[in-house]
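# Descriptive analysis of the structure
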Amino acid sequence: MTDQPAIDVEGYSIPLLGFGTWMLESDDARRMVTEALRIGYRHIDTAWIYKNEEAVGDGIRDALEAGYLNRDDLWLTTKIWVDHFDRDGLLEQARESGLSLGFTPDLLLLHWPKTQPSLQETIDALNEARENGLTRTIGVSNFPSAEFRKAQELSQALLVTNQVEYHPYLKLTKLLETARELDSSITAWSPLAQGKVADDPVLNEIGRAHGKSAAQVTLRWLIQQNVIAIPRTTKESRAAESFNIFDFELSDDEMQRIFGLARPDGRLGDWIDPAFKWDEEWA
Ligand SMILES: NC(=O)c1ccc[n+]([C@@H]2O[C@H](COP(=O)([O-])OP(=O)(O)OC[C@H]3O[C@@H](n4cnc5c(N)ncnc54)[C@H](OP(=O)(O)O)[C@@H]3O)[C@@H](O)[C@H]2O)c1
């Protein structure tokens, strides 16, 4: 791995800044993944359900051929879709994702919690995928604290991250604490609040003091919490902008002002099965 900021989870070094690929169709996915790796990103996030694993793999191969990096320098994440949570379905998708990417992923996540089949069956299958060499590490996504703890109790291997929505308009105090207690990590999806941070007066004011944009301030705020952030863009200039966050630091006051932007209705992507409840942050 290169020397950019990373979080160490059980000896695995996960770069704190990654590049997201949700909604990137094939051409954009291939082009932007190569561009991100040229800029210096060393962490790429995709999922089976994004229907772009093959294009993401092509983008990585283009970058390797151009000499931008070596495979070992990259952290590559993909996710098991909820329709594939039975043992055979999970193993089949894990194989398919690896073939589509053309690479063994470094991290395989369960995309959303689900009531059926049992969590034990799904977690066992996820561990089996790891033991069979279909991924280096395993984790979860969109798991509230109770399910995150239960999943870890049932898992032989450490769940190295829980990838959840997190940005300045959401409070995540409890889940961050849970991740710390489990020796795991939090990865923030929609770290730029799907672009909404760009117009925020507080983030822009803090940015002006550092010669940075609201998006850069937001990503810096995340990585200063040791949270992994995976912004997405179709634009090369914005990919470069989002990567340019390692040469400044937010003060404690600035961090607290940004925590103050959280609001009870700040969630953008509430697609969780109603059987589960997000952590209560505002009681
Ligand atoms: N596990 C999950 O369930 C889950 C759910 C959602 C997302 N994710 C992952 O997280 C990644 C990031 O989340 P996201 O894609 O929802 O949202 P995001 O990164 O918060 O925001 C992306 C949006 O912001 C815009 N943008 C990017 N850089 C900007 C900048 N510097 N200034 C202003 N606008 C900017 C982009 O538009 P342009 O393209 O026009 O730049 C795009 O519309 C995804 O791509 C995916 O990999 C995971």
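For the structure itself, consult the block above.
What counts, and where the lines are drawn
Residues numbered from 1 in each chain as written. Predicted model: local features only at pLDDT ≥ 70, side-chain atom pairs only at ≥ 80, totals over all residues. Heavy atoms only, no water. Helix = DSSP H or I, 4+ residues; strand = E, 2+ residues; numbered from the N terminus. Buried < 20%, exposed > 50% of the residue type's maximum accessible area, 1.4 Å probe, protein only. Axes fitted to C-alpha atoms, helices over the stretch in contact; angles between N-to-C directions. Parallel < 35°, antiparallel > 145°, perpendicular 65-115°, else oblique. Contact = heavy atoms within 4.5 Å. Nonpolar A, V, L, I, M, F, W, Y, C, P; charged D, E, K, R; others polar. Expected span 1.5 Å × (residues − 1).

Cis rather than trans, the peptide bond between Q116 and P117 has omega equal to -10°. Mapped onto the fold, P117 is located in the loop between strand 6 (107-110) and helix 4 (119-131). With phi around 75°, M23 is a residue other than glycine that occupies positive phi space. Within the element layout of this structure, M23 appears in the loop between strand 3 (19-20) and helix 1 (26-39). Judged by its relative accessible area of 53%, M23 falls in the exposed class.

Two elements in contact, helix 7 (residues 201-210) and helix 8 (residues 214-224), have axes separated by 8 Å at closest approach and are oriented at 90°. When the interaxial angle is binned, helix 7 and helix 8 end up roughly perpendicular. Note on element contacts: helix 8 touches helix 7 through A214, V217 and T218, opposite L203, N204, I206 and G207. For the contact of helix 7 with helix 8, the residue count by class is 4 nonpolar, 3 polar and no charged.

So, about helix 1. In this model helix 1 runs 20 Å from its N-terminal to its C-terminal C-alpha over 14 residues, within 8% of the 20 Å that 1.5 Å per residue would give. Listed as buried for helix 1 are A29, M32, V33, T34, E35, A36, L37 and I39. Looking one or two residues past helix 1, G40 carries a phi angle of roughly 135°, positive in sign.

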